[in-house]
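One-letter residues, chain by chain:
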Amino acid sequence: MSIYTSYDMIGDCRAGKPAGVVHFVRHFLAGCRSLTLHYGGGEEEVSTLLGRAPKALAAMEPGPERRIMVDLRPLIQECAGYGKGVKPTGLDLVTLSKALEEFSVLERQMVWLSSMGYDAAGIARILRVSAETAGKACVRAAELVRPHLSNWTQTILRDAGPELGEEARGAKPEEPVSFREYIEIVDGRLTWANRVPVERGLAQSWHEIDHLCRVREADDALRSVQPLNEQETAAYLEAAGIKLEKPSLWRRLFASG
């Protein structure tokens, strides 16, 4: 029996076949739900996401699971209402770079994950560091930013997250780090030959730090929650108005889990 993959999922969503949505619900919805709740949504927003996901998936290029999760993030944040009604803080990337000039690439990731709304425990889990280390780095970063702003608060990094993220994603370097290299970093497989140029790119660009943190977030969302079981999947599908009539499809999709 062939294994059903995320590549098959995209193809079936493009073809309007229910198997694509079933696989999304089974393997991705738990992680998407976790991110939706993280970014301020609730169960109603998860339902909205499920309703919009098939069209979004059909428009994506086929790819591995973590790439799909990264590509789903803008929709997740939109459904969750992330960034709506947030007042500008005045903290931009130029100011952040000046304040954190001496921060290492790892420390910059801690700061960026803080701007993405993660607390010390969440940062520790995603980066596989201690919560104490993550907490100290973020407190120090906030204090270093303080002299550069007139409206500083202790939550400045989190508060500035939406505007910093938007600015970073619009500042793509001419030779960006590839997605494959991001995955190699996350999996600890980056070769010594590639390490120096990749780390140089990360040190010089908040765009790269943002992208790496989004890949790490996607990896965490997929591995930190259990895929939905058959009953849970069926409940979400029923809520979305999708009924499966062929038991063989269930067996195929759940055998791939």
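Quick caveat: nothing in here was measured; it's all calculated off a predicted structure.

J.: Help me get a handle on the pattern of salt bridges, residues and values and all.
T.: Within this structure, the stated rule accounts for 19 salt bridges. Glu-107 is the partner of Arg-140 in a salt bridge, and the nearest nitrogen-oxygen pair spans 3.8 Å. Here the residue Arg-140 occupies a position in helix α9 (residues 131-145), and Glu-107 occupies one in helix α7 (residues 105-115), the gap between them amounting to 33 residues. Given a relative accessible area of 23%, Glu-107 falls into the partly exposed group. Linking Asp-220 and Arg-223 is a salt bridge whose minimum nitrogen-to-oxygen distance equals 3.9 Å. Here Arg-223 and Asp-220 lie together in helix α14 (residues 206-223), a separation of 3 residues that amounts to about one turn.

J.: Go over the packing of helix α12 (residues 179-186) against α14 with me, naming the residues and quoting the values.
T.: Between two packed helices, both the angle of their axes relative to each other and the distance between the axes serve to describe the pair. Axis separation between α12 and α14 bottoms out at 10 Å; the angle between their running directions is 60°. With respect to α14, the axis of α12 lies oblique. Between α12 and α14 lies a crossing of right-handed hand. Taken together, the residues of α14 that come into contact with α12 (itself represented by Phe-179, Tyr-182, Ile-183, Ile-185 and Val-186) are Glu-208, His-211, Leu-212, Val-215, Arg-216 and Asp-219.

J.: Got a sec to walk through the packing of helix α1 (residues 6-14) against helix α2 (residues 18-27)? Specific residues and values, please.
T.: Where α1 meets α2, the closest approach of the two axes is 7 Å, and the angle between their N-to-C directions is 135°. In terms of orientation, α1 lies oblique with respect to α2. Here the hand of the crossing between α1 and α2 comes out left-handed. Contacts between α1 and α2 involve Ser-6, Met-9, Asp-12 and Cys-13 from the first element and Ala-19, Gly-20, Val-21, His-23 and Phe-24 from the second. Here the contact of α1 with α2 is composed, by residue class, of 5 nonpolar, 3 polar and 1 charged.

J.: Please provide a residue-by-residue account of helix α13 (residues 192-204), values included.
T.: With 13 residues, α13 should reach 18 Å at 1.5 Å per residue; the first-to-last C-alpha distance of 19 Å fits that figure. Of all the residues in α13, the buried ones are Val-198, Gly-201 and Leu-202. Within α13, the buried residues cover an arc of 100° as seen down the axis, which keeps them to one side. Opposite the buried face of α13, by more than 90 degrees, sit the exposed residues Trp-192 and Gln-204.

J.: How would you summarise the packing of aromatic side chains if you had to cite specific residues and measurements?
T.: All chains considered together, the criterion is met by 3 aromatic pairs. Ring centres 6.2 Å apart and planes at 10° place the aromatic pair Phe-24 and Phe-28 in the stacked group. On the basis of relative accessibility, which here comes to 1%, the residue Phe-24 falls in the buried class. On the basis of relative accessible area, Phe-28 is assigned to the buried category, the value being 0%. Ring centres 4.9 Å apart and planes at 70° place the aromatic pair Tyr-39 and Tyr-82 in the edge-to-face group. Taken together, the residues span a long stretch of sequence, with Tyr-39 in the loop between α3 (29-38) and α4 (43-58) and Tyr-82 in the loop between α5 (65-80) and α6 (93-99) at a distance of 43 residues. Its relative accessible area of 5% is what places Tyr-39 among the buried residues. Here Tyr-82 falls in the partly exposed class, since its relative accessible area comes to 25%. Above the plane of the ring of Phe-179 lies Arg-67, whose end atom (NZ or CZ) is 4.7 Å from the centre.

Conventions and cut-offs
Per chain, the residues get numbers from 1 upward, laid out in the order the sequence is written. Since the coordinates come from a predicted model, pLDDT governs what is reported: local features require at least 70, and pairs of side-chain atoms require 80 or more to be given and counted, while whole-chain, interface and lining totals use all residues. To obtain the side-chain values, all non-hydrogen atoms of the structure were included, while hydrogens and water were left out. For salt bridges, the criterion is a side-chain nitrogen of Lys or Arg within 4 Å of an Asp or Glu carboxyl oxygen. In this text, helices come from DSSP runs of H or I with a minimum length of four residues, and strands from runs of E with a minimum of two, each type numbered from the N-terminal end. Burial here depends on accessible area, computed with a 1.4 Å probe over protein chains only, as a share of the maximum for the residue type. Under 20% is buried, over 50% is exposed, and the range in between is partly exposed. For helices, the fitted axis covers only the stretch in contact; all axes are lines through C-alpha atoms, and the angles between them, taken along N-to-C directions, range from 0 to 180 degrees. Here the angle decides the label: under 35 degrees means roughly parallel, over 145 means roughly antiparallel, 65 to 115 means roughly perpendicular, and every other value means oblique. With the far helix as reference, a near helix turned anticlockwise by less than a right angle produces a left-handed crossing, and one turned clockwise produces a right-handed crossing. Here, two residues are considered to be in contact whenever any of their heavy atoms come within 4.5 Å of each other. Here the nonpolar group is Ala, Val, Leu, Ile, Met, Phe, Trp, Tyr, Cys and Pro; Asp, Glu, Lys and Arg are the charged ones; every other residue, Gly included, is treated as polar. Given the number of residues in a helix, its expected span is that number minus one, multiplied by 1.5 Å. Directions pointing from the helix axis toward each C-beta atom define the arc. Each Phe, Tyr or Trp ring (for Trp, its six-membered ring) is paired with any other whose centre lies within 6.5 Å, and the angle between the two planes then decides the class: stacked below 30 degrees, edge-to-face above 60, tilted in between. Here, a charge over a ring is recorded when the distance from Lys NZ or Arg CZ to the ring centre is within 6 Å and its angle to the ring normal is within 35 degrees.

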